[in-house]
Amino acid sequence: MLRAAVISLDVLGARFGAYPHATLRLIEIPSGWPFGGFATSGMIVLTEDRGMRADLRNSNGDVDLQTRRVAHEVAHQWWGHGVSPLDAAGA
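Here goes a summary of the coordinates provided. (Residues numbered from 1 in each chain as written. Predicted model: local features only at pLDDT ≥ 70, side-chain atom pairs only at ≥ 80, totals over all residues. Heavy atoms only, no water.)

Once that is clear, we can look at the nonpolar core. Grouped together as the largest cluster of nonpolar side chains are 10 residues: M1, A4, A5, L12, A39, I44, L46, V70, V74 and W78. Secondary structure elements with two or more residues in this core: α1 (2-16), β3 (43-47) and α2 (65-79). Beyond its immediate chain neighbours, meaning those up to four positions away, A5 contacts L24, L26, V70 and V74. (Core = buried A, V, L, I, M, F, W, Y, C linked by side-chain atoms within 4.5 Å. Buried < 20%, exposed > 50% of the residue type's maximum accessible area, 1.4 Å probe, protein only. Helix = DSSP H or I, 4+ residues; strand = E, 2+ residues; numbered from the N terminus. Contact = heavy atoms within 4.5 Å.)

For an α-helix the count is 3.6 residues per turn, leaving residues at separations of three or four pointing the same way. When the terminal C-alpha atoms of α1 are compared, their 20 Å separation across 15 residues agrees well with the 21 Å that a helix rising 1.5 Å per residue should span. Those residues of α1 that fall on the buried side of the exposure criterion are A4, A5, S8 and L12. Along the axis of α1, the buried residues cluster in a sector spanning 90°; they form a single face. Set apart from the buried face of α1 by more than 90 degrees, the exposed residues are L2, R3, D10 and A14. The first or second residue beyond α1 is G17, which carries a positive phi of 105°. (Expected span 1.5 Å × (residues − 1). Arc of directions from axis to C-beta.)

Here three strands make up an open sheet; going across it, the order is β1-β3-β2 and the pairing mixed. The outermost strands of the open sheet, each flanked by one partner alone, are β1 (25-29) and β2 (37-40). When strand polarity is set aside, the average angle formed by the axes of neighbouring strands in this sheet is 20°. This element, α2, spans β2 and β3 of the sheet and lies at about 150° to β3. (Pairing = 2+ DSSP bridges. Axes fitted to C-alpha atoms, helices over the stretch in contact; angles between N-to-C directions.)

Pairing between β2 and β3: four bridges, direction antiparallel. Residue pairing across strands places F38 opposite V45, the latter belonging to β3. Taken together, β2 and the strand that follows it, β3, pair antiparallel across an intervening segment of two residues, in which G42 is found at a positive phi of about 75°.

Attention now goes to the packing of α1 against α2. Two numbers describe how α1 lies on α2: the axes approach to 9 Å, and their chain directions differ by 40°. In terms of their interaxial angle, α1 and α2 are classed as oblique. Seen from above, α1 lies across α2 with right-handed handedness. Facing α1, whose interface residues are R3, A4, A5, S8, L9, L12, G13 and F16, α2 presents T67, V70, A71, V74, A75, W78 and W79. When the residues that make up the contact of α1 with α2 are grouped by side-chain class, the tally is 11 nonpolar, three polar and one charged. (Parallel < 35°, antiparallel > 145°, perpendicular 65-115°, else oblique. Left-handed = near helix turned anticlockwise from the far one by under 90°. Nonpolar A, V, L, I, M, F, W, Y, C, P; charged D, E, K, R; others polar.)

Following this line, the structure appears as structure tokens:
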């Protein structure tokens, strides 16, 4: 997860500009929560089954699911909760 976050910060920082926060915290919570991942400023929350306990054995040489989840949440550090779509079809 840390490797995925570092790579994501490098790739996304090159595309979107400098990381907009002083820190990035990865927080794991129990699997029973009603979401898989959530990002707020400087913080990414992942449930256990989508984080540390994710089964990465069948990634077939492609980007594994855990890396995709972490990268998705890291991308929210630039755009999440700051850009909202219109309240219209396709939002």
